[in-house]
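Architecture and fold: a report
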Amino acid sequence: MTRTRLRAEGLTAFVLFVATIPAANWLIGHVGTFCVPNGPCLIPVAPGIHAPSGVLMVGLALVLRDLLQRRLGLFAGVAAILIGAVLSALVAPPAIVVASTTAFLLSELADFFVYTPLQRRRFVTAVVASSVVGLAVDSAVFLYLAFGSLDFLPGQILGKLWMVALTIPAVQWIRRRDERLGFQPA
């Protein structure tokens, strides 16, 4: 596998990550099994537990951000967050965009601090640990800023954990392939 192919994977992760941010913000106001008046649209994440529907994209975003950093480096991850925030302004109300952008930036910083030192030695562990830290920060900050409440915090965390768990087989496959090819992260 050439550097060109790895860079293409990084660019794909970049584009998908950027797309998850406005998608999450759009979902919150438009898709769910029911919508709370002046609040989010909710989906079930476990029996009796609901979360704003954007959790589906955010859980995925946390893993994509790690892959993006692995292929293109730290600054590409920050650039993707900022581009996603700008695009969110086109599809979501300003309060959601501000809450989402603030939550993404703070959670991604927390994610960076966990992921970056671990990624070279234990890629899968780095992705899981950094995603768990990032999703907790993202959930608390977003819910508080967007809705002034942490009522949906358990559902937010659980919904994002589901999405992270679903990506683990792909992350393990990437790690094995990278090792086989002798690839070193950016």
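For the structure given in this document, a descriptive report is provided here. (Residues numbered from 1 in each chain as written. Predicted model: local features only at pLDDT ≥ 70, side-chain atom pairs only at ≥ 80, totals over all residues. Heavy atoms only, no water.)

The next thing to look at is the state of the cysteines. One pass over the structure, following the stated rule, counts 1 disulfide. Here C35 connects covalently by a disulfide to C41, the sulfurs 2.0 Å from one another. For the disulfide bridge between C35 and C41, the dihedral angle about the S-S bond is near 95 degrees, and by the sign convention the bridge is right-handed. When its relative accessible area of 44% is taken as the criterion, C35 is described as partly exposed. Among the residues examined, C41 registers a relative accessible area of 2% and is labelled buried. (Disulfide = S-S within 2.5 Å. Buried < 20%, exposed > 50% of the residue type's maximum accessible area, 1.4 Å probe, protein only.)

Relative to the helices and strands, T20 resides in helix α1 (residues 3–30). Note on T20: relative accessible area 3%, which makes it buried. Setting aside residues up to four positions removed in sequence, T20 forms contacts with M57, L60, A61 and L64. (Helix = DSSP H or I, 4+ residues; strand = E, 2+ residues; numbered from the N terminus. Contact = heavy atoms within 4.5 Å.)

The next point concerns the packing of helix α3 (residues 74–88) against helix α4 (residues 94–118). For the pair α3 and α4, the least separation of the axes is 10 Å and the interaxial angle reads 165 degrees. Judged by the inter-axis angle, α3 sits roughly antiparallel to α4. Between α3 and α4 the crossing geometry is right-handed. Contacts between α3 and α4 involve L74, G77, V78, I81, L82, A85 and S88 on the former and, on the latter, V97, T101, F104, L105, E108, F112 and T116. Grouping the constituent residues of the contact of α3 with α4 by class yields 9 nonpolar, 4 polar and 1 charged. (Axes fitted to C-alpha atoms, helices over the stretch in contact; angles between N-to-C directions. Parallel < 35°, antiparallel > 145°, perpendicular 65-115°, else oblique. Left-handed = near helix turned anticlockwise from the far one by under 90°. Nonpolar A, V, L, I, M, F, W, Y, C, P; charged D, E, K, R; others polar.)

This part covers the pattern of salt bridges. The full count for this structure, using the stated rule, is 9 salt bridges. Between R71 and D178 there is a salt bridge, with the nearest N and O atoms lying 2.9 Å from each other. Remark: D178 occurs in helix α6 (residues 153–181) and R71 occurs in helix α2 (residues 55–72); sequence separation between them is 107 residues. A salt bridge links R177 to D178; the shortest N-O distance between them is 4.0 Å. Taken together, the shared-partner salt bridges connect R5, E9, R70, R71, R177 and D178 into one network. (Salt bridge = Lys/Arg side-chain N within 4 Å of Asp/Glu carboxyl O.)

Let us look at the packing of aromatic side chains. With the rule as written, the count across this model stands at 3 aromatic pairs. When the centroid spacing of 6.1 Å and the interplanar angle of 85 degrees are considered together, the rings of F17 and F104 count as edge-to-face. Here the residue F17 occupies a position in helix α1, and F104 occupies one in helix α4, the gap between them amounting to 87 residues. As far as burial versus exposure is concerned, F17 and F104 are alike and both buried. Note on F142 and F147: the rings are 5.8 Å apart at their centroids and 85 degrees apart in plane angle, and the pair reads as edge-to-face. The ring of Y115 is capped by R65, whose NZ or CZ atom sits 5.4 Å from the centre of that ring. Note that R70 overlies the ring of F123, its terminal NZ or CZ placed 3.9 Å from the centroid. (Phe/Tyr/Trp six-rings, centres within 6.5 Å; stacked < 30°, edge-to-face > 60°. Lys NZ or Arg CZ within 6 Å of the ring centre and 35° of its normal.)

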